[in-house]
Amino acid sequence: MSAEQQAGRTWVGPSAPQRLGILRRTRSVAIVGASTNPSRASYFVATYLLSSSPYDVYFVNPRATEILGQPAYASLADLPVVPDVVDVFRRHDDLPDVAREAVEVGAKTLWLQLGSWNEEAAAIAEQAGLDVVMDRCLKIEHARFHGGLHLAGFDTGEITSKKQRLAR
């Protein structure tokens, strides 16, 4: 992100302890903009949340019927539950409308993924009493607070203090 882009930011997000509190209170996550494409960030986040978190995960994508073996819904209003967190993978211009939809369904948190920053969307959500997190990855935040974050962002499943020898 350029200095110019950062200079235009006035919104201040929740601290690390506040983000941890959001994650601890969360029971369900709706991924808006979930993709069926394994190379997309939303797919990677979805696989992590399904396998490594306690959350009930719901997918919102009007062009999909199923993602990772679970039903995909056309909108937040179509979900069978009110999601605690609305995790958004959508274009910048779509974010205020997604914020309005999150407010309408009664979500508790609007979470905009890495690279997503929209102060209008944040204002819409905060005025309705929602917590807001922007420009942070839900997968990375969950993993960092729950011991599953390796330097590359992956849980290696191996804990060792021994140096590995490289084959020559």
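What you see is a predicted model; the values in this text were computed from it and never measured.

Conventions we followed
Residues take numbers from 1 onward in each chain, read along the sequence in its written order. Given that the model is predicted, a residue must reach a pLDDT of at least 70 before its local features are reported, and side-chain atom pairs must reach 80 or more before they are shown or counted; all residues, however, enter totals for whole chains, interfaces and linings. Processing note: side-chain calculations cover all non-hydrogen atoms of the structure and skip hydrogens and water entirely. For two strands to count as paired, DSSP must find a minimum of two bridges between them. Helix and strand definitions here come from DSSP, where helices need a minimum of 4 consecutive H or I residues and strands a minimum of 2 consecutive E residues; each element is numbered from the N-terminal end. Only heavy atoms enter the contact rule, under which two residues are in contact if any of them lie within 4.5 Å. Think of each axis as a best-fit line through the C-alpha atoms, taken over the contacting stretch in the case of a helix, with angles from 0 to 180 degrees between the N-to-C directions. Here the aromatic set is Phe, Tyr and Trp, taking the six-membered ring for Trp, and pairing holds for ring centres within 6.5 Å; pairs whose planes are under 30 degrees apart are stacked, those over 60 apart are edge-to-face, and all others are tilted. Exposure classes here rest on a 1.4 Å probe applied to the protein chains alone. A residue is buried below 20% of its type maximum, exposed above 50%, and partly exposed in between. We call a charge positioned over a ring when the NZ of a Lys or the CZ of an Arg lies within 6 Å of the ring centre and within 35 degrees of the ring normal. Each residue gets a pLDDT score, which is the predictor's confidence in that residue and runs from 0 to 100. What makes a salt bridge here is a side-chain nitrogen of Lys or Arg within 4 Å of a carboxyl oxygen of Asp or Glu, nothing more. Whether a crossover is right-handed comes down to one check: with the strands pointing away from the viewer, does the path from the first strand over the helix to the second run clockwise; if it does, it is right-handed.

**A short note on the sheet that holds strand S4 (residues 70–73)**
No. 1: If you walk across this open sheet you meet the seven strands as S3-S4-S2-S1-S5-S6-S7, and the pairing is mixed. Because the sheet does not close on itself, it has two edges, and the strands there are strand S3 (66–67) and strand S7 (131–133).
No. 2: Sheet topology places strand S2 (residues 56–60) next to S4; two bridges connect them, and they run parallel. Along S4, the bridge assignment pairs Phe 59 with Ala 72.
No. 3: Contacts from helix H2 (residues 16–25) reach strand S5 (85–88), strand S6 (109–112) and S7, with the element oriented near 115° to S7.
No. 4: Running at roughly 165° to S5, helix H4 (residues 95–105) makes contact with strand S1 (28–32), S5 and S6 of the sheet.

**A closer look at the packing of aromatic side chains**
No. 1: Overall, the coordinates contain one aromatic pair when judged by the stated rule.
No. 2: Ring geometry for Trp 11 and Trp 117: centres 5.4 Å apart, planes at 75°, overall edge-to-face. Linking Trp 11 in the loop between helix H1 (3–7) and H2 with Trp 117 in the loop between S6 and helix H5 (119–127), this pair joins segments that are 106 residues apart in sequence. Side by side, Trp 11 and Trp 117 carry an identical accessibility label, which is buried.
No. 3: One residue, Lys 139, lies across the ring of Tyr 48, its end atom 4.7 Å from the ring centre.

**Things to note about H4**
No. 1: Along H4, the residues that are buried comprise Leu 95, Pro 96, Val 98, Ala 99, Ala 102 and Val 105.
No. 2: Tucked into the core, H4 has its buried residues touching S1, S5, S6 and H5.
No. 3: Backbone geometry just downstream of H4 places Gly 106 in the positive-phi region, at approximately 90°.

**Regarding the confidence of the model for the chain**
Low pLDDT marks stretches whose predicted atomic positions should not be read closely.
No. 1: For the chain, per-residue confidence averages 87 on the pLDDT scale, and 83% of positions sit at 70 or higher.
No. 2: Every residue in residues 150–160 scores below 50 in pLDDT, and together they form eight contacts with partners more than four places removed in sequence or on other chains.

**Regarding the environment of Ile 67**
No. 1: Mapped onto the elements of the fold, Ile 67 is located in strand S3.
No. 2: If near-sequence neighbours (up to four positions away) are discounted, Ile 67 is found in contact with Ala 34, Ser 35, Thr 36, Phe 59, Asn 61 and Ala 72.

**Regarding the pattern of salt bridges**
No. 1: All chains considered together, the criterion is met by nine salt bridges.
No. 2: Measuring nitrogen to oxygen at the nearest pair gives 3.4 Å for the salt bridge that ties Arg 25 to Asp 131. Of this pair, Arg 25 sits in helix H2 while Asp 131 is found in strand S7, placing the two residues 106 residues apart along the sequence.
No. 3: With a relative accessible area of 53%, Arg 25 lands in the exposed category.
No. 4: Among the ionic pairs, Glu 141 bridges to Arg 144, the shortest N-O distance being 3.4 Å.

**Some details on H2**
No. 1: Arg 19, Leu 20, Gly 21, Ile 22 and Leu 23 are the residues of H2 that are buried.
No. 2: Where H2 is buried, its residues meet S5, S6, S7 and helix H6 (138–145).

**Side note on the pairing of S5**
Look at any regular strand and the pattern is simple: side chains alternate between the two faces of the sheet.
No. 1: Taking every second residue as pointing to the same face, both faces of S5 are buried, with Val 85 and Asp 87 on one and Val 86 and Val 88 on the other.
No. 2: Alignment of S1 against S5, held across four bridges, turns out to be parallel. From the neighbouring strand, Val 29 faces S5, where its bridge partner is Val 85.
No. 3: In this structure, S5 lies alongside S6, joined through four bridges in parallel fashion. What sits directly across from Val 85, in S6, is Thr 109.
No. 4: After leaving S5, the chain enters H4 and then returns to the sheet as S6, a path that is right-handed.

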